[in-house]
Amino acid sequence: MPALKPLKKAVLPVAGLGTRFLPATKAMAKEMLPVVDRPLIQYAIDEARAAGIEQFCLITGRGKTMLVEHFDVAYELERTLQERGKTAELAQLRAEAMPPGALVTVRQQVPMGLGHAIWCARHFIGDDPFAILLPDDLMQCEVSCTAQLAAAYRETGGNVVAIEEVPRERVNRYGVLDVLEDKGKLVSVKGLVEKPAIDQAPSNLTIIGRYVLMPEVLGHLARMERGAGGEVQLTDAMAKLIGSQPFHGLRYEGRRFDCGDKAGWLEAQIAFALARPDMADAVRGFLRNYL
Ligand code: G1P
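Residues numbered from 1 in each chain as written. Predicted model: local features only at pLDDT ≥ 70, side-chain atom pairs only at ≥ 80, totals over all residues. Heavy atoms only, no water.

## Some thoughts on the site of the ligand
Looking at the ligand, there are 14 residues lining it, with Asp137, Gly175, Glu194, Lys195 and Ile207 nearest. With respect to the ligand, the side chain of Glu194 contributes an N or O atom lying 2.6 Å from an oxygen atom. Within the side chain of Thr235, a nitrogen or oxygen atom sits 3.3 Å from an oxygen atom of the ligand. For the ligand, whose accessible area on its own is 380 Å², the fraction buried by protein is 74%. Looking at side-chain class alone, the shell around the ligand contains six nonpolar, four polar and four charged residues. (Near = heavy atom within 4 Å. Polar contact = N/O pair within 3.5 Å; in protein donor to acceptor, adjacent residues only side chain to side chain. Areas by Shrake-Rupley, 256 points an atom, 1.4 Å probe, with all protein chains shown as cover. Nonpolar A, V, L, I, M, F, W, Y, C, P; charged D, E, K, R; others polar.)

Rendered as structure tokens:
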């Protein structure tokens with residue numbers, strides 16, 4: 001096998017309106033919704049950085065400039081923290097700062113679907129392998145989920161998507177695998193279907209919002225063929241890679257919270273707070289009052 005190109009780039013689609021969180025998301029990007037004290041977008045960037053990703057592209061839309069502000073150096077804030085002797089807070093801001101030039105944005109001008117959003121990043125992606133992280137899917141993993149995908153990519157080459165099993169009645173919400181061979185942790189794939197009808201789904205193994213893809217997917221996206229929901233679907237373009245490139249699903253280790261959904265977001269608050277030594281006791285204490 002020829003030497004694999006290292007995985008250094010990530011694309012994060014953040015153009016969605018977040019209508020399920022209105023009115024909270026009327027003037028605020030849904031990716032800025034916090035879980036405990038970090039916004040969703042920050043978790044996704046942290047996860048990618050933990051996988052060795054060095055270049056980030058946010059696919060934004062109108063009303064999303066706050067996301068760019070969030071990753072800028074907040075000069076006035078840093079000076080105020082310094083003057084007030086808040087050294088721990090200042091050290092944290094600086095340690096997490098985005099290196100100069102590491103983050104770019106591209107606007108998706110019209111909402112034509114996830115596949116179209118990724119295609120908008122084609123000049124950023126160029127000829128390199130790249131990760132995709134959908135920030136609505138918040139991952140709680142000992143080893144960064146994207147790092148698990150990167151490791152699988154180094155093992156198999158080609159495309160790898162994170163997968164999980166869901167109850168049959170929920171397969172119609174996801175991209176679904178048509179399995180060629182189930183090897184346990186890795187599953188090789190002979191087909192992919194976006195949001196199939198429940199009785200037509202080829203399995204209950206579904207794609208979550210974490211991918212490592214080869215740049216050739218862009219050629220398929222460029223055709224702008226419409227799929228489920230009348231949108232340009234990433235899943236359909238990925239399916240066209242099967243046969244010419246390795247394509248695997250990875251049963252990642254960890255948990256996913258669907259923070260595009262109110263109940264999922266609330267559950268994430270509790271799970272992440274309980275995992276925090278400075279909060280676990282307090283949260284456990286008050287939760288008992290509600291059960
Ligand atoms: C998108 C993808 C779908 C995937 C899901 C994971 O769907 O199109 O294949 O399973 O993310 O969260 P969406 O949630 O945008 O409808």
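So that's the structure; there's more coming.
## Some points on the nonpolar core
If you look at the biggest cluster of nonpolar residues, it comprises 36 residues, and the most contacted ones within it are Ala10, Leu12, Ile41, Ile45, Ile53 and Phe56. Residue contributions to this core peak at six residues, all from helix α7 (residues 145-156). In this structure, Leu12 is in contact with Ile41, Ala44, Ile45, Phe56, Cys57, Leu58, Ile59, Leu133 and Pro135, ignoring residues within four places of it in sequence. Counting residues in hydrophobic clusters, the runner-up holds 32 residues, among them Ile118, Ala121, Leu134 and Leu177. (Core = buried A, V, L, I, M, F, W, Y, C linked by side-chain atoms within 4.5 Å. Buried < 20%, exposed > 50% of the residue type's maximum accessible area, 1.4 Å probe, protein only. Helix = DSSP H or I, 4+ residues; strand = E, 2+ residues; numbered from the N terminus. Contact = heavy atoms within 4.5 Å.)

## Concerning the packing of helix α10 (residues 262-274) against helix α11 (residues 280-287)
At a minimum axis distance of 8 Å, the contact between α10 and α11 shows a crossing angle of 130 degrees. With respect to their mutual orientation, α10 and α11 come out oblique. In contact with Ile270, Ala273 and Leu274 of α10, α11 contributes Ala280, Val283, Arg284 and Leu287. Here the residues of the contact of α10 with α11 are counted per class, giving six nonpolar, no polar and one charged. (Axes fitted to C-alpha atoms, helices over the stretch in contact; angles between N-to-C directions. Parallel < 35°, antiparallel > 145°, perpendicular 65-115°, else oblique.)

## Let's talk about the packing of helix α3 (residues 75-83) against helix α4 (residues 87-95)
When two helices pack together, their arrangement is given by the angle between their axes and by how far apart the axes lie. Between α3 and α4, whose axes approach to 8 Å, the crossing angle comes to 150 degrees. What the angle tells us is that α3 and α4 run roughly antiparallel. Crossing hand, α3 versus α4: left-handed. On α4, the residues touching Leu77, Glu78, Leu81 and Gln82 of α3 are Glu89, Leu90, Leu93 and Arg94. A class-by-class count of the residues in the contact of α3 with α4 yields four nonpolar, one polar and three charged. (Left-handed = near helix turned anticlockwise from the far one by under 90°.)

## Examining the packing of aromatic side chains
Taken as a whole, this structure holds four aromatic pairs when the rule is applied. Each ring, one from Phe21 and one from Trp265, has its centre 5.6 Å from the other, and the planes form 85 degrees; the classification is edge-to-face. Highlighted residues: Phe21 in the loop between β1 (9-13) and β2 (34-35) and Trp265 in helix α10, separated in sequence by 244 residues. Look at Tyr43 and Phe272: their rings are 5.2 Å apart centre to centre, the planes differ by 70 degrees, and that puts the pair in the edge-to-face class. Linking Tyr43 in helix α1 (residues 40-49) with Phe272 in helix α10, this pair joins segments that are 229 residues apart in sequence. Here the two residues Tyr43 and Phe272 agree in accessibility, since each one is buried. Among the aromatic side chains, those forming a connected cluster through ring pairs are Tyr43, Phe257 and Phe272. The ring of Trp119 carries the charged tip of Arg122 above its face, separated from the ring centre by 3.7 Å. Sitting over the ring of Phe21, Lys262 keeps its end group 6.0 Å from the ring centre. (Phe/Tyr/Trp six-rings, centres within 6.5 Å; stacked < 30°, edge-to-face > 60°. Lys NZ or Arg CZ within 6 Å of the ring centre and 35° of its normal.)

## Section: the environment of Leu40
Mapping Leu40 onto the fold places it in helix α1. With a relative accessible area of 1%, Leu40 lands in the buried category. Once the C-alpha coordinates of Leu40 and Pro6 are considered, the two residues, 34 residues apart in sequence, prove to be 26 Å apart.

Any functional reading would require information that these geometric values do not contain.
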